[in-house]
Amino acid sequence: MSLLYKPDWKDVKQHYLAWWAHEAIGRCGMAVYAPRDNSPALEPPQQPENPVDCWVDLDYVTARNRYTHERTYYGGEALPHWSGGYAGQNSLATYLGCPITLDRETGWIDPILFGDDWDVTRLKIDRDGYWWKYNTALLERSVIDAQGKSLPVIGAFGGPGDTLAWLRGTQQLLLDVAL
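Residues numbered from 1 in each chain as written. Predicted model: local features only at pLDDT ≥ 70, side-chain atom pairs only at ≥ 80, totals over all residues. Heavy atoms only, no water.

**Student:** Explain the packing of aromatic side chains to me, and be specific about the residues and the numbers.
**Tutor:** In this description, an aromatic ring pair is defined by two values, namely the gap between the centres and the angle between the planes. Overall, the coordinates contain 6 aromatic pairs when judged by the stated rule. The interplanar angle of 85° and the centroid separation of 5.7 Å between the aromatic rings of Tyr 33 and Tyr 74 together place this pair among those described as edge-to-face. Separated by 41 residues along the polypeptide, Tyr 33 in strand E1 (residues 31-35) and Tyr 74 in strand E2 (residues 72-76) bring together distant segments of the chain. Given a relative accessible area of 46%, Tyr 33 falls into the partly exposed group. Measuring from centroid to centroid gives 4.7 Å for Tyr 130 and Trp 131, while their planes differ by 85°, and the two rings are edge-to-face. An aromatic cluster is present here, built from Tyr 130, Trp 131 and Tyr 134 joined pairwise through their rings. (Phe/Tyr/Trp six-rings, centres within 6.5 Å; stacked < 30°, edge-to-face > 60°. Helix = DSSP H or I, 4+ residues; strand = E, 2+ residues; numbered from the N terminus. Buried < 20%, exposed > 50% of the residue type's maximum accessible area, 1.4 Å probe, protein only.)

Below you can see the structure in the form of structure tokens.
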């Protein structure tokens, strides 16, 4: 397999395999992301009027990825990746029912476990929920759009500590642990 935006992908893949095997590759590993020389004169995609659509409009996300890839040099072990961005909309907390507020730059997740309410048995991943369905569609789109060009990624789901902080609220979780 080769990648349009990473012509030396075969060599880089071997570097990653060697790194995971604790083998030397003859130099330090590095990832360099920089503006590409002679990049095409593309206009950036028009941001949607609604800030939430910056994260959920799949056509805009696709255009944003293409624009970024066309204008970026990926040196060393840097890899082009097709991404929907990381505002929290793809976290375990949203799949478990935490509401999220998105703006153009980031997102805020509101907790759903309050006071002495520690009944975590009611927490289930809602496969019929908006964010589960959206992120499934995002991943499907990324696999199609990235094919032969970049690597599809969905983002960080959030580690256990992050997920607990989102479910309970960071300040409350810290108090829970301290007491």
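Text resumes after the structure shown.
**Student:** Requested: an account of helix H3 (residues 58-70), with residues and values cited.
**Tutor:** Its 13 residues give H3 an end-to-end C-alpha distance of 18 Å, which sits within 8% of 18 Å, the value for a rise of 1.5 Å per residue. Of all the residues in H3, the buried ones are Leu 58, Tyr 60, Val 61, Thr 62, Asn 65, His 69 and Glu 70. The inward-facing, buried residues of H3 contact helix H2 (53-56), E2, strand E3 (81-82) and helix H5 (130-146). Regarding H3, its N-cap is Asp 57, as a side-chain oxygen of that residue lies 3.0 Å from the backbone nitrogen of Asp 59 further along. (Expected span 1.5 Å × (residues − 1). Contact = heavy atoms within 4.5 Å. Polar contact = N/O pair within 3.5 Å; in protein donor to acceptor, adjacent residues only side chain to side chain.)

**Student:** A description of the pattern of salt bridges should follow, citing residues and the corresponding values.
**Tutor:** Taken as a whole, this structure holds 5 salt bridges when the rule is applied. Ionic pairing is found between Arg 36 and Glu 70, a salt bridge with its closest N-O pair at 4.0 Å. Separated by 34 residues along the polypeptide, Arg 36 in the loop between E1 and H2 and Glu 70 in helix H3 bring together distant segments of the chain. Residue class for Glu 70 comes out buried when judged on its relative accessible area of 15%. (Salt bridge = Lys/Arg side-chain N within 4 Å of Asp/Glu carboxyl O.)

**Student:** Before we move on, could you go through the packing of helix H6 (residues 160-168) against helix H7 (residues 170-178) and cite the residues and values that matter?
**Tutor:** The interhelical angle for the contact between H6 and H7, taken along N-to-C directions, is 110°, at an axis separation of 6 Å. Judged by the angle between their axes, H6 and H7 are roughly perpendicular. Residues Gly 161, Leu 164, Ala 165 and Arg 168 of H6 form the contact with H7, whose participating residues are Thr 170, Gln 172, Leu 173 and Asp 176. A breakdown of the residues in the contact of H6 with H7 according to their chemical character gives 3 nonpolar, 3 polar and 2 charged. (Axes fitted to C-alpha atoms, helices over the stretch in contact; angles between N-to-C directions. Parallel < 35°, antiparallel > 145°, perpendicular 65-115°, else oblique. Nonpolar A, V, L, I, M, F, W, Y, C, P; charged D, E, K, R; others polar.)

**Student:** Kindly report on the environment of Pro 51, identifying the contributing residues and their values.
**Tutor:** Following the sequence through the fold, Pro 51 ends up in the loop between E1 and H2. The class for Pro 51 is partly exposed, based on a relative accessible area of 29%. A C-alpha to C-alpha distance of 30 Å links Pro 51 and Leu 173, two positions 122 residues apart in sequence. Leaving out residues up to four positions away in the same chain, Pro 51 has contacts with Asp 103 and Arg 104.

**Student:** Explain the nonpolar core to me, and be specific about the residues and the numbers.
**Tutor:** Among the nonpolar cores identified, the biggest contains 24 residues, and Trp 131, Tyr 134, Leu 138 and Leu 167 are the most heavily contacted of them. Secondary structure elements with two or more residues in this core: H2, H3, helix H4 (92-95), strand E4 (100-102) and H5. It is H5 that contributes the most residues to this core, 4 residues altogether. Contacts of Leu 167, omitting those with residues within four sequence positions, involve Leu 96, Cys 98, Pro 111, Ile 112, Leu 113 and Leu 123. (Core = buried A, V, L, I, M, F, W, Y, C linked by side-chain atoms within 4.5 Å.)

**Student:** Please give an account of the environment of Pro 35 that cites residues and values.
**Tutor:** With respect to the helices, strands and loops of the structure, Pro 35 is situated in strand E1. Relative accessible area serves as the criterion here: at 71%, Pro 35 is assigned to the exposed category. For Pro 35 and Lys 133, which are 98 residues apart along the polypeptide, the C-alpha to C-alpha distance reads 34 Å. Beyond its immediate stretch of four places on either side in the chain, Pro 35 contacts Arg 71 and Tyr 73.

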